[in-house]
Amino acid sequence: MALLQIAEPGHAAAPHEHRLAAGIDLGTTNSLVAAVRSGQAEILPDDQGRALLPSVVHYTADGAEVGYDAREQATDDPLNTIASAKRLIGRPVADIKSLGEGLPYEFVRQDSSVPRIHTVSGDVSPIEVSAEIFKVLARRAKDTLGGELSGVVITVPAYFDDAQRQATKDAARLAGLHVFRLLNEPTAAAVAYGLDRGADGVHAIFDLGGGTFDISILRLNKGVFEVMSTGGDSALGGDDFDQVIAEWIMDQAGIADDANHKALRQLMLDARNAKEALSDAESVALDIALPGGDRWQGSLDRETFNSLVDPLIRKTISACRRALRDAGVDAEEVKEVVMVGGSTRMPRVREKVSDFFRRPVLVDIDPDQVVALGAAIQADVLAGNKPDEEILLLDVTPLSLGLETMGGLVEKVIPRNTTIPVARAQEFTTFKDGQTAMAVHVVQGEREMVDHCRSLARFELRGIPPMVAGAARIRVTFSVDADGLLNMEAEELSQGVKASVTVKPSYGLSDEEITGMLQASFEYAEEDLEERKLVEARVEGLRVVEALQSALAKDGEELLNTREREQIDAALQQLMQAIDAQDAAAIDRQAKHVEKVCEFYVERRMNTGIQEAMAGHNINEFE
Ligand code: ADP
Ligand code: MG
């Protein structure tokens, strides 16, 4: 827009180039969204001021509700209330069966390797469930930040494999988000504490959440975090602490094990409240409803609590010991210990972890929020808001990537802990005379035999010119992008035949499922597009208003007569009204009108500008 350039000679054209970006922590129990605002990473709360969004989706006949309301439905409508979708995402049905009988959902048996859960609003995959959570967080971010997000950074556990990462990314895309990249959760926590700016060294990230425990040993090496080892227990978290407290209460109050489901659920809630209260108080009063209608009153002090939970904490310490051993470092070598996850609020946990590592642990940043805050910091950098921040934080591949070779052996092409993005090539040859095709089997894992690794993809390279065995040279290039996702290309070198292959996501969505998901995303696309148009029109409109007002303030008096000034003011007024009315088409129209009305003024300003610039100079100086 010419007007603006004239109005502010020598200044950057656009005053508000800050691009909106957010970090999302998609948790098993709770999810959060954060963004950098005025240079500071902040959690974006909901309209009731709550930072957390329970990662629970309740499906009804008319759609889905997410968060606190959905969580309330877990007891009354368990089959339609999906919690902990993160445990299922990107995992084939076979894996999920091995998760145990614990899952209350109705899985739909079908050929697809993606599990689908039957609900009243249709069958849903864990990807779609997660997409619902993303949608709510994305909306929250847009509303709070006042515009479209240019992109997001999403955190995933360090041990997530290719399929789980791909599936998480797909869920975000399904929610209409542009994913700048995925970031390992422990890395995000380290970034939130600014450890990436400190000296190189080893750090431990201790993450005890609602249902899972993860310990990660990271090494910062020239600005890059390497995952030296990960460990933990995918079935140990705050819920288990609730369980031992509930059992203690049942014991004290004489409640039998066979109490009804609702009563037991209430008891679990009471137990959790008591546990959380004991993080601040030395003792907590209990008032428990008994099955017969009476109540039991008692109290639980911290000492008793500690003795009840110590066995659970000991398990986490054993896992820390193993993780250090796997990483090949001693506890003394660990420079910082970062505490992550709501359950690390328990003073006893902090105390035991600190004893084990023999140093104070980092707890200044809210352990619920630290991962999302780190993701927000990265998102801000990736959105381009920090042009001088040249080093982008890098991650490494969590597991080795390789190919199956003769005899079911694995040939590792990219070893684990390789800094990403990375591309590595390996050459292969044919096994038989005249062989024109080759089967390639891509696997992920640390074991030597294919059967013990996870199968990522199989593809065939065809069109190899017939040659004697061993004459063809086929180069297979593995590349892993910044999200840890794999792409492959194969090329026959001796004859220059090129064949490229795309590895299908290993969780193997069927074409139908993909079509279905795309259709769903189109439905939202229209809405999103409308919204984007309005936002863009408003930004543009406000820019015109600002520029014109500042020009008028500078030289309006001098360059315009009363009638001209009235004309311009009227056009400006109409534009501001259109902006207030949130009407994209009207804003565009009025902005153009302003430009037209101001043409003579712009020209006049340009002329005086030149005259001023030349005043006192010889014309030849400007040649
Ligand atoms: P996740 O990463 O699995 O989504 P969170 O990090 O949000 O989980 O942790 C949730 C757990 O933290 C719950 O078990 C909750 O009871 C526990 N928690 C939250 N606040 C406290 C507290 N003040 N004291 C003890 N535990 C807490
Ligand atoms: Mg978490």
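Note: the structure precedes this text.
As the structure is a computational prediction, the values presented were derived from the model and not from experiment. Within each chain, residues carry numbers counting from 1 in the order of the written sequence. Labels are handed out in written order, letters beginning with A for the chains and numbers beginning with 1 for the ligands. Note on the predicted model: pLDDT of at least 70 is required for a residue's local features to be given, and 80 or more for side-chain atom pairs to be given and counted; whole-chain, interface and lining totals, by contrast, use all residues. Side-chain metrics rest on all non-hydrogen atoms present in the structure, leaving aside hydrogens and water.

## Remarks on the overall build of the protein
Consideration 1: Of the regular secondary structure elements, the protein holds 15 helices and 26 strands.
Consideration 2: Carbon and sulfur atoms provide 48% of the accessible area of the protein, an area that totals close to 30000 Å². The numbering of helices and of strands both runs from the N terminus, where a helix is a DSSP run of H or I of at least 4 residues and a strand a run of E of at least 2. Note on areas: these come from Shrake-Rupley sampling with a 1.4 Å probe, and a residue is covered only by the protein chains present in the view.

## With respect to the packing of aromatic side chains
Consideration 1: For Phe, Tyr and Trp, rings pair up if their centres lie within 6.5 Å, where Trp contributes its six-membered ring, and each pair is then called stacked (planes under 30 degrees apart), edge-to-face (over 60) or tilted (otherwise). Going through the model one piece at a time under the given rule, you end up with three aromatic pairs.
Consideration 2: Both rings, one in Phe356 and one in Phe357, keep their centres 4.9 Å apart while their planes meet at 80°; by these two values the pair is edge-to-face.
Consideration 3: Note on Phe356: relative accessible area 14%, which makes it buried. Only protein chains enter the accessibility calculation, which uses a 1.4 Å probe; a residue is then buried when its area is under 20% of its type maximum, exposed when over 50%, and partly exposed in between.

## Here's the deal with helix 7 (residues 238–253)
Consideration 1: The terminal C-alpha atoms of helix 7, which comprises 16 residues, lie 22 Å apart, in line with the 22 Å expected from a rise of 1.5 Å per residue.
Consideration 2: Restricting attention to buried positions, one finds in helix 7 the residues Gly238, Phe241, Asp242, Ile245, Ala246, Trp248, Ile249, Met250 and Ala253.
Consideration 3: Within two residues after helix 7, Gly254 carries a phi angle of roughly 70°, on the positive side. Each helix should span, by expectation, one fewer than its residue count multiplied by 1.5 Å.

## As for the site of ligand 1
Consideration 1: Around ligand 1, the surrounding shell holds 17 residues, and the nearest of these are Thr29, Asn30, Lys275, Glu276 and Ser279.
Consideration 2: Between ligand 1 and the protein, one listed contact pairs an oxygen atom with a side-chain N or O atom of Lys275 at 2.8 Å.
Consideration 3: What qualifies as a polar contact is a pair of N or O atoms within 3.5 Å, subject to a donor-acceptor requirement within protein and to the restriction that residues adjacent in sequence count only when both atoms come from side chains. In this structure, Glu276 approaches ligand 1 through a side-chain N or O atom, which is 2.7 Å from an oxygen atom.
Consideration 4: Contact with the protein chains hides 89% of the accessible area of ligand 1, taken as 590 Å² for the molecule alone.
Consideration 5: By residue number, the principal contributor to the shell around ligand 1 is helix 8 (residues 261–277), which donates three residues. Distances are taken per atom, and a residue is near a molecule or strand as soon as one of its heavy atoms is within 4 Å of it.

## Comments concerning the pattern of salt bridges
Consideration 1: Any carboxyl oxygen of Asp or Glu that lies within 4 Å of a side-chain nitrogen of Lys or Arg is treated as forming a salt bridge with it. Throughout the structure, instances matching the rule amount to 21 salt bridges.
Consideration 2: Taking the shortest distance from any N to any O, the salt bridge between Arg50 and Asp46 comes out at 2.9 Å.
Consideration 3: With relative accessibility at 15%, the residue Asp46 sits in the buried group.
Consideration 4: A salt bridge links Asp143 to Arg139, with the shortest nitrogen-to-oxygen separation between them at 3.9 Å. Of this pair, Asp143 and Arg139 are both found in helix 4 (residues 126–145), four residues apart, which corresponds to roughly one turn of the helix.
Consideration 5: Here Asp143 falls in the exposed class, since its relative accessible area comes to 55%.
Consideration 6: For Arg139, a relative accessible area of 34% corresponds to the partly exposed category.
Consideration 7: Because the salt bridges share partners, they merge into one network encompassing Asp242, Arg272 and Lys275.

## Structural notes on the packing of helix 9 (residues 302–327) against helix 10 (residues 347–357)
When two helices pack together, their arrangement is given by the angle between the helix axes and the distance between those axes.
Consideration 1: Note on geometry: axes are lines fitted to C-alpha atoms, helical ones only across the stretch in contact, with angles between N-to-C directions running from 0 to 180 degrees. With their axes 9 Å apart at the nearest point, helix 9 and helix 10 run at an angle of 40° to one another. Accordingly, the angle class assigned to the pair helix 9 and helix 10 is oblique. Considering only the axes of helix 9 and helix 10, their crossing is right-handed. For the pair helix 9 and helix 10, the contacting residues are Arg302, Asn306, Asp310, Ile313, Ile317, Cys320, Arg321 and Leu324 in the first and Pro347, Arg348, Val349, Lys352, Val353, Phe356 and Phe357 in the second. Note on angle classes: values under 35 degrees are labelled roughly parallel, values over 145 roughly antiparallel, values of 65 to 115 roughly perpendicular, and the remainder oblique. The hand of a helix crossing depends on one turn: near helix anticlockwise from the far one by less than a right angle means left-handed, and clockwise means right-handed. Every residue pair with non-hydrogen atoms within 4.5 Å of one another is taken to be in contact.

## Considering the nonpolar core
Consideration 1: For this analysis, a nonpolar core means a set of buried residues of the types Ala, Val, Leu, Ile, Met, Phe, Trp, Tyr and Cys, connected via side-chain atoms within 4.5 Å. Counting 48 residues, the largest nonpolar core has Phe206, Ile215, Ile217, Val353 and Phe357 as the members making the most contacts within it.
Consideration 2: At ten residues, helix 9 tops the list of elements feeding residues into this core.
Consideration 3: Excluding residues within four positions of it along the chain, Ile215 makes contact with Ala204, Ile205, Phe206, Ser229, Thr230, Gly231, Gly232, Ala319, Cys320 and Ala323.
Consideration 4: In terms of nonpolar packing, the next biggest core, distinct from the first, is built from 40 residues, Ala22, Ile154, Val156 and Leu182 among them.

## Focus: helix 14 (residues 584–597)
Consideration 1: Taking 1.5 Å per residue as the helical rise, helix 14 with its 14 residues ought to reach 20 Å, and the 20 Å between its terminal C-alpha atoms agrees with that figure.
Consideration 2: The residue sitting at the N-terminus of helix 14 and contributing the capping side-chain oxygen is Asp583; that oxygen lies 3.2 Å from the backbone nitrogen of Ala585.

## Examining empty space enclosed by the protein
Consideration 1: We place a 1 Å grid over just the protein atoms. Points where a 1.4 Å probe fits but has no way out form a cavity, open points with protein on both sides within 12 Å along at least 5 of 7 lines form a pocket, and any residue with an atom within 4 Å of a point lines it. Grid points are joined across faces, edges and corners, and a volume is the space filled by probe spheres set on the points. Per the counting criterion, the structure on display carries four cavities of 30 Å³ or more.
Consideration 2: Roughly 90 Å³ of internal volume is contained in the largest cavity.
Consideration 3: What lines the largest cavity is a set of 15 residues, among which Glu185, Pro186, Asp207, Asp214 and Ser216 lie closest to the centre.
Consideration 4: Contributing elements (two or more residues each) for the lining of the largest cavity: helix 6 (185–192), strand 13 (201–208), strand 14 (213–221) and strand 15 (224–233).
Consideration 5: Lys, Arg, Asp and Glu make up the charged group, whereas Ala, Val, Leu, Ile, Met, Phe, Trp, Tyr, Cys and Pro make up the nonpolar group; the residues left over, Gly among them, are polar. Among the residues forming the lining of the largest cavity, the class breakdown is nine nonpolar, three polar and three charged.

## Some thoughts on the sheet that holds strand 9 (residues 116–119)
Consideration 1: In spatial order, the strands read 8-9-10; together these three strands make up an open sheet with antiparallel pairing. Each end of this open sheet is capped by a strand with a single partner; those strands are strand 8 (107–108) and strand 10 (122–124). Strands were regarded as paired on the criterion that DSSP finds at least two bridges between them.

## Details of the side chain of Ser343
Consideration 1: Position of Ser343 among the secondary structure elements: in the loop between strand 18 (334–340) and helix 10.
Consideration 2: Overall, the relative accessible area of 6% leaves Ser343 in the buried class.

## Section: the environment of Val480
Consideration 1: Within the secondary structure, Val480 is located in strand 24 (residues 474–480).
Consideration 2: Distance from Val480 to Ala423, taken between C-alpha atoms, is 6.4 Å for residues 57 residues apart in sequence.

## Brief notes about the sheet that holds strand 7 (residues 81–83)
Consideration 1: Within the open sheet, the three strands sit side by side as 6-5-7. Their pairing is antiparallel. The open sheet has two edge strands, strand 6 (63–66) and strand 7, and neither has a second partner. Looking at each pair of strands side by side, their axes are set apart by 25° on average, direction ignored.
Consideration 2: Summarising the sheet, strand 5 (residues 56–60) and strand 6 pair through four bridges and their orientation is antiparallel. Across the sheet, residue Val57 finds its bridge partner in strand 6, namely Val66.
Consideration 3: Strand contacts of helix 4: strand 5, strand 6 and strand 7, with the helix running at about 105° to strand 5, the strand carrying the most contacts.

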